[in-house]
Amino acid sequence: MKLFKPTMVAIALVSVLGCQEAKQEEKAAVLDTEIQKQAYGLGASIGMYMERNLEEHTKMGLSLDKELIVKGFVDSLEGKSQIEKEEIQALLTNLEQTMKTKQQEMAKQEAEASLAEGQKFLEENGKKAGVKTTDSGIQYSVITEGSGDKPSATDTVEVHYKGTFLNGETFDSSYDRGQPAVFPLNRVIRGWTEGVQLMSVGSKYKFTIPSDLAYGPTGNPPRIPGNSVLEFEIELLKIQKAEQPAEVGDKSE
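For clarity, every value in this text was computed on a predicted model and none was experimentally measured. (Residues numbered from 1 in each chain as written. Predicted model: local features only at pLDDT ≥ 70, side-chain atom pairs only at ≥ 80, totals over all residues. Heavy atoms only, no water.)

A closer look at the pattern of salt bridges
Side-chain pairing between opposite charges can occur once the charged atoms of the two side chains come close.
Point 1. Under the counting rule described, the total for this entry stands at four salt bridges.
Point 2. In this structure, Arg223 and Glu169 form a salt bridge, with 2.9 Å as the shortest nitrogen-oxygen distance. Within this pair, whereas Arg223 is found in the loop between β6 (204–209) and β7 (230–240), its partner Glu169 is found in the loop between β3 (156–164) and β4 (170–173), the two being separated by 54 residues in sequence.
Point 3. For Arg223, a relative accessible area of 37% gives the class partly exposed. (Salt bridge = Lys/Arg side-chain N within 4 Å of Asp/Glu carboxyl O. Helix = DSSP H or I, 4+ residues; strand = E, 2+ residues; numbered from the N terminus. Buried < 20%, exposed > 50% of the residue type's maximum accessible area, 1.4 Å probe, protein only.)

Thoughts on a nonpolar patch on the surface
Point 1. Together, Ile83, Ile88 and Leu91 give the surface a local cluster of nonpolar side chains, amounting to about 210 Å² of exposed area.
Point 2. Here Ile83 is to be found in the loop between α3 (66–77) and α4 (85–125). (Patch = residues over 30% accessible without salt bridge, like charges linked within 9 Å, V, L, I, M, F, W, Y side chains within 5 Å. Areas by Shrake-Rupley, 256 points an atom, 1.4 Å probe, with all protein chains shown as cover.)

Comments concerning the environment of Ser152
Point 1. Inspection of the secondary structure puts Ser152 in the loop between β2 (139–144) and β3.
Point 2. It is 8.9 Å that separates the C-alpha atoms of Ser152 and Asn186, two residues lying 34 residues apart in sequence.
Point 3. What Ser152 contacts, discounting residues up to four positions off in sequence, is Leu185 and Gln197. (Contact = heavy atoms within 4.5 Å.)

Remarks on the packing of aromatic side chains
Point 1. Per the stated rule, a full pass over the model turns up eight aromatic pairs.
Point 2. Each member of the aromatic cluster is reached from another via a ring pair, and the members are Tyr161, Phe165, Phe171, Phe183, Trp192 and Phe232. (Phe/Tyr/Trp six-rings, centres within 6.5 Å; stacked < 30°, edge-to-face > 60°.)

Focus: α4
Point 1. Compared with the 60 Å implied by 1.5 Å per residue over 41 residues, the 58 Å span of α4 between its first and last C-alpha is a close match.
Point 2. Where α4 is concerned, the buried positions are Leu92, Leu95, Glu96, Met99, Gln103, Ala111, Ser114, Gly118, Leu122 and Asn125. (Expected span 1.5 Å × (residues − 1).)

Some words on the pairing of β2
Point 1. Sheet topology places strand β1 (residues 132–133) next to β2; two bridges connect them, and they run antiparallel. Residue pairing for β2: Thr133 is matched across the bridge by Gln139.
Point 2. Bridge analysis of β2 against β6 gives five bridges, and the strand direction is antiparallel. Considered in β6, the bridge of Gln139 is made with Thr208. (Pairing = 2+ DSSP bridges.)

Here's the deal with the side chain of Ser173
Point 1. On the secondary structure map, Ser173 appears in strand β4.
Point 2. By relative accessible area, Ser173 is classed as buried at 5%.
Point 3. Reaching out from Ser173, the side chain makes a polar contact with the backbone nitrogen of Tyr175 at a distance of 3.2 Å.
Point 4. A polar side-chain atom of Ser173 sits 3.1 Å from the main-chain amide nitrogen of Asp176.
Point 5. Once you skip the residues sitting within four places of it in the chain, Ser173 turns out to touch Tyr161 and Lys162. (Polar contact = N/O pair within 3.5 Å; in protein donor to acceptor, adjacent residues only side chain to side chain.)

Take a look at the structure:
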């Protein structure tokens with residue numbers, strides 16, 4: 001969740017003014033020339049930005065009076081602002097800090113709720129037929145069992161995968177990108193490093209990874225909230241073995 005900047009708030013007031021004028025006049029803008037369209041596009045872009053920020057304010061219980069926003073913009077445009085520039089900057093800085101504090105509080109509450117939800121899900125999922133649980137707590141089931149080699153933690157693997165939240169929403173997928181992923185197995189989350197080592201080339205497993213073996217209490221902002229239990233369908237395609245150092249007295253030297 002991105003924080004807005006005070007300077008952007010001031011600029012985005014243009015969009016609110018434009019919305020109010022449109023309601024009053026109910027007159028479509030003239031967009032005959034390229035420069036007219038560019039001007040309108042700039043205003044529309046600012047408007048969309050401001051709309052998102054006002055929605056975030058409302059979610060945090062900080063709804064701002066749009067009439068006062070418009071009034072402040074018009075007064076400032078005409079050189080009649082009722083508040084001095086220095087005080088405006090201080091007020092917007094305080095607003096930004098308040099938003100940041102409320103966002104942190106909300107993220108903490110969401111992480112606590114996610115932890116409880118994840119623990120309950122793992123307890124129930126571990127009882128399902130075909131689901132195995134490792135000593136570390138990773139749960140997995142075999143979709144297709146391959147017959148190739150198994151990788152070690154230092155190997156580089158080529159995989160296809162789909163990652164989902166517990167509600168089934170996909171947050172990442174090599175299938176959607178149309179090409180497999182290639183990476184060293186010891187450079188990903190611990191649940192992957194351990195889990196993929198259980199697989200033979202040609203296998204496809206479904207893993208349920210506890211949050212402490214995924215992204216932990218901080219998550220992976222902005223996509224993955226803290227304490228998220230994640231599910232992955234992983235298909236192991238290839239292994240690129242790590243190069244072994246030459247031994248002393250090796251005949252190849």
